[in-house]
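Here is what each chain is made of, one letter per residue.
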Amino acid sequence: MAEQPPSFDAQYPQQPLPQQPLPPQYYPGAPVPPAPRPGNGFGIAALVLGIVALVFCWVPVFGLGLGVLALVLGIVGVLQKQRPHGTSIAGIVMGAVAVVVGVIIMVLAAMLVSKVEEQSNKEFSVAYSATADGQASLSYGSLKGQAEDTFSGTWTKDDKVTGFDGFALTVTSPTGGAVGCEITVDGKSLTKQSGTGSVTCTASTLNP
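The structure presented is a predicted model; accordingly, all values stated were derived computationally and were not measured.

Trainee: How should I be thinking about the overall build of the chain in this particular structure?
Mentor: Broken down by element type, the chain carries 4 helices and 6 strands. Along the chain, helices and strands appear, N-terminal first, in the series α-α-α-α-β-β-β-β-β-β. Counting every position in the chain, which comprises 208 residues, the buried fraction comes to 26%. In the chain, of all internal contacts separated by at least 6 residues, the share reaching a separation of at least 24 is 59%. Of the roughly 13900 Å² of accessible surface on the chain, a fraction of 64% belongs to carbon and sulfur atoms.

Structure below.
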């Protein structure tokens, strides 16, 4: 009987192969875990710009521009399908508020500038009036200069100024008698004082 060659299996026992993890098994009727929803970059950008626009909405052009950008990006984010829309809606709301506030501030700033320009070019008629029982002295004038005078009984002085200006009239009686003063701008009495010894009237072109 022929001899059999030695078996390598007997000398070198086979090592078990490492087991690979089995893929998850889904049984019929078992719910399939949903895939993670992608983010909405336009919505996040709109939210960030909306917050910054609200902070700087008092800066007329800068805040208004950021608000408009937040509105545009928020609308684009809402139009994205199968994307979360919460941040987009928040960005739209904040951007709209920033735009409204920015427009109001720009309108108010334009009105203020127009008022200042109108005031700086307007001509005003100023009338100083003073009364005294007996002899009295006075000083009068505007921010551009002062003058002095003496009178007895009644005293008046007319002047014209352009733009913003302030006026003052001080009447003094050396004997402590009754004195009075009045300043009229464009026919409207802005200040009137009376007393004994000394009185002072002040007014400005902002009063009318």
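Having seen the structure, we can now continue with the description.
Trainee: Is there a simple way to think about the packing of helix α2 (residues 41-55) against helix α3 (residues 60-79) in this case?
Mentor: In helix packing, the relevant descriptors are the interaxial angle and the interaxial distance, both defined with respect to the helix axes. At a closest axis distance of 8 Å, the pairing of α2 and α3 adopts a crossing angle of 160°. In terms of axis orientation, α2 runs roughly antiparallel to α3. Pair α2 / α3 crosses with left-handed handedness. Between α2 and α3, the residues in contact are Phe 42, Gly 43, Ala 45, Ala 46, Leu 49, Gly 50, Val 52 and Ala 53 and Gly 63, Leu 66, Gly 67, Leu 69, Ala 70, Leu 73, Gly 74, Val 76 and Gly 77, respectively. When the residues that make up the contact of α2 with α3 are grouped by side-chain class, the tally is 11 nonpolar, 6 polar and no charged.

Trainee: Is there a simple way to think about the packing of aromatic side chains in this case?
Mentor: The geometry of an aromatic ring pair is captured by two quantities: the separation of the ring centres and the angle between the planes. For the structure shown, the criterion picks out 4 aromatic pairs. Pairing Tyr 128 with Phe 167 gives two aromatic rings, centres 6.4 Å apart and planes at 80°, and the pair type is edge-to-face. With Tyr 128 in strand β1 (residues 123-142) and Phe 167 in strand β3 (residues 166-172), this residue pair connects regions lying 39 residues apart in the sequence. By relative accessible area, Tyr 128 is classed as buried at 1%. Members of the aromatic cluster, joined through ring pairs, are Tyr 128, Tyr 140, Trp 155 and Phe 167.

Parameters at a glance
Residues numbered from 1 in each chain as written. Predicted model: local features only at pLDDT ≥ 70, side-chain atom pairs only at ≥ 80, totals over all residues. Heavy atoms only, no water. Helix = DSSP H or I, 4+ residues; strand = E, 2+ residues; numbered from the N terminus. Buried < 20%, exposed > 50% of the residue type's maximum accessible area, 1.4 Å probe, protein only. Contact = heavy atoms within 4.5 Å. Areas by Shrake-Rupley, 256 points an atom, 1.4 Å probe, with all protein chains shown as cover. Axes fitted to C-alpha atoms, helices over the stretch in contact; angles between N-to-C directions. Parallel < 35°, antiparallel > 145°, perpendicular 65-115°, else oblique. Left-handed = near helix turned anticlockwise from the far one by under 90°. Nonpolar A, V, L, I, M, F, W, Y, C, P; charged D, E, K, R; others polar. Phe/Tyr/Trp six-rings, centres within 6.5 Å; stacked < 30°, edge-to-face > 60°.

Worth remembering: the numbers are spatial, not functional.
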